[in-house]
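Remarks on the overall topology
One-letter residues, chain by chain:
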Amino acid sequence: MNETLVAIENLSVRFDGRTVVDRVNLALHRGDIITIIGPNGAGKTTLIKAILGIQAATSGRIMRAKGLVIGYVPQHLHLESTLPLSVKRFMQLSGQPLARCISALERTGVSHLLEASVHHLSGGEQQRLLLARALVRKPDLLVLDEPAQGVDINGQAALYDLIRQLRDELNCGVIMISHDLHLVMAATDKVICLNQHVCCSGYPADISHDPAFIETFGRPVAESLAVYHHHHNHSHDLHGNVVGSGPSRSVTGHDESHAERQEGCQHEHH
Ligand SMILES: Nc1ncnc2c1ncn2[C@@H]1O[C@H](COP(=O)(O)OP(=O)(O)OP(=O)(O)O)[C@@H](O)[C@H]1O
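Residues numbered from 1 in each chain as written. Predicted model: local features only at pLDDT ≥ 70, side-chain atom pairs only at ≥ 80, totals over all residues.

1. Quick notes on the overall build of the protein chain
Defined as follows: Helix and strand definitions follow DSSP, with helices as H or I runs of at least four residues and strands as E runs of at least two, each counted in order from the N terminus. Labels follow a simple rule on C-beta atoms placed from the backbone: if 20 or more others lie within 10 Å of a residue's own, it is buried; if 12 or fewer, it is exposed; otherwise it is partly exposed. Throughout, a pair of residues is in contact if the C-beta atoms placed from their backbones lie within 7 Å.
Within the protein chain, the secondary structure is distributed over nine helices and 11 strands. A burial count over the protein chain gives 42% of its 270 residues as buried. Excluding contacts between residues fewer than 6 apart, the proportion of contacts in the protein chain whose partners are at least 24 apart in sequence is 63%.

2. Examining the environment of Pro211
In this fold, Pro211 is placed in helix H8 (residues 211–217). By the C-beta count within 10 Å, which is 20 here, Pro211 ends up buried. Separated by 11 residues in the primary sequence, Pro211 and Ala222 place their C-alpha atoms 9.4 Å from one another.

3. Observations regarding the site of the ligand
Note the cut-off: Whether a residue is near a molecule or strand depends on its C-beta atom, placed from the backbone, lying within 6 Å of it. Residue polarity follows a fixed list, in which Ala, Val, Leu, Ile, Met, Phe, Trp, Tyr, Cys and Pro are nonpolar, Asp, Glu, Lys and Arg are charged, and the others, Gly among them, are polar.
Near the ligand the following residues occur: Phe15, Val20, Gly38, Asn40, Gly41, Ala42, Gly43, Lys44, Thr45 and Thr46. When its residues are assigned to classes, the shell around the ligand shows three nonpolar, six polar and one charged.

4. Let's talk about the confidence of the model for the protein chain
So the rule is basically this: The quantity known as pLDDT measures the predictor's confidence residue by residue, on a range of 0 to 100.
Confidence in the prediction for the protein chain averages 82 pLDDT; 82% of positions are at 70 or higher. For the stretch residues 227–232, pLDDT sits under 50, and the model shows 23 contacts to residues farther than four places along the chain or on other chains. Model confidence for the complex: the whole-complex pTM is 0.81, and ipTM, which rates the interface, is 0.97.

5. Topic: helix H3 (residues 98–107)
Since the α-helix packs 3.6 residues into each turn, any two residues three or four apart lie on the same face. In plain terms, the rule: Arc definition: directions from the helix axis to the C-beta atoms.
Where H3 is concerned, the buried positions are Cys101, Ala104 and Leu105. Down the axis of H3, the buried set is contained in an arc of 100 degrees. They therefore lie on one face. Here the buried face of H3 lies against helix H2 (87–92) and helix H4 (123–135). Two residues or fewer past H3, Gly109 is found with a positive phi of approximately 80 degrees.

6. Looking at the domain arrangement of the protein chain
As a reminder of what qualifies: Domain start and stop positions are those given by an automatic or database domain assignment.
Domain assignment breaks the protein chain into domain 1 (1–69 + 140–270) and domain 2 (79–138). Contacts between the two partners involve 12 residues from domain 1 and, on the opposite side, 10 residues from domain 2. For the side of domain 1 that touches domain 2, the leading source of residues is helix H5 (residues 153–170), giving five residues. Per-class residue counts for the side of domain 1 that touches domain 2 are nine nonpolar, two polar and one charged.

7. Quick word on H4
Threshold: Expected helix span is given by 1.5 Å per residue-to-residue step, counting one fewer step than there are residues.
For H4, built from 13 residues, the straight-helix expectation of 18 Å at 1.5 Å per residue is met to within 8% by its first-to-last C-alpha distance of 19 Å. Within H4, 12 of the 13 residues are buried, which leaves the element mostly enclosed by the surrounding structure. Looking at H4, one finds that the buried residues are Gly124, Glu125, Gln126, Gln127, Arg128, Leu129, Leu130, Leu131, Ala132, Arg133, Ala134 and Leu135. Close packing links the buried residues of H4 with strand E5 (70–73), H2, H3, strand E6 (141–145) and H5.

8. Comments concerning the sheet that holds strand E3 (residues 33–37)
Here is the rule we go by: At least two DSSP bridges between two strands are required for those strands to pair. Each axis is a line fitted through C-alpha atoms, and for a helix only the stretch in contact is used; angles between axes span 0 to 180 degrees, taken between their N-to-C directions.
One open sheet accounts for six strands, arranged E5-E6-E7-E3-E8-E9; its pairing is mixed. Each edge of the open sheet carries a strand with a single partner, namely E5 and strand E9 (197–202). On average, each strand axis in the sheet is tilted by 15 degrees relative to the strand beside it, whichever way the strands run. When E6 meets strand E7 (residues 173–177), the two strands line up parallel, connected through five bridges.

9. Details of the nonpolar core
For the record, the criterion: One nonpolar core equals one set of buried Ala, Val, Leu, Ile, Met, Phe, Trp, Tyr and Cys residues connected by C-beta atoms within 7 Å.
The biggest cluster of nonpolar side chains holds 67 residues, and the ones touching the most others in it are Ala132 and Cys193. Built from parts of two domains, this core gets at least three residues from each of domain 1 (1–69 + 140–270) and domain 2 (79–138).

Below you can see the structure in the form of structure tokens.
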């Protein structure tokens, strides 16, 4: 099995007594591409901030490989709009040599914008710039919060393709959040459906027929995705609360060495 980059055990995060991440277990290995999906407010960003170490856990543990270099693409680029800032300067703020910055920009297809102002980039250009900045330190782990937002439909597929290529070139792990379910299903190794707790997880073709997935995203979405089903032991109301339970879910019969199965959902919910 590939090196474990991040291991999470029973991680919970609460804000003002409200649990937004509920006893999540997860292991991420070098070479993995894991995508977190789930409705708005499900705790996805909070979970990846905890992985990054910028959000404290209320309980549970996160272990990171020694010397782990993480490249992060945030959901939004927050910049002071009155501050003039070129793409070149923005990249150099990483502290890396210019040649390395340029090669990262070349790799994400935006080196022609070196002298452009970051304030005038299109949505897609901005995402590629953020990806270049995340790459410049040659990360062991890429953490991407909705990398394809603001990117047109053709560009989205190209961006996910690029992420896969980068995973191969850098031999890194990738964990990302996405709402682009069709692309996720096509471009991801493993999907985690989060709704505070892990509702279901597994290979894309597996989870789209999981009742918990259908509960979360609706049958039309699920039916337009891949083929498979396994059992799940509860359903959710509109707020994500558990409203019913049945027999324990069975996990899929795939190679456990490649996908760590989350038994989740066999615990209490909030
Ligand atoms: N620092 C904070 N203090 C208090 N509440 C917070 C904080 N950060 C996030 N939350 C709350 O935690 C919940 C989960 O937020 P989070 O951003 O993790 O959700 P998400 O799944 O990424 O949502 P989206 O898909 O809308 O981006 C939300 O209700 C949010 O308001």
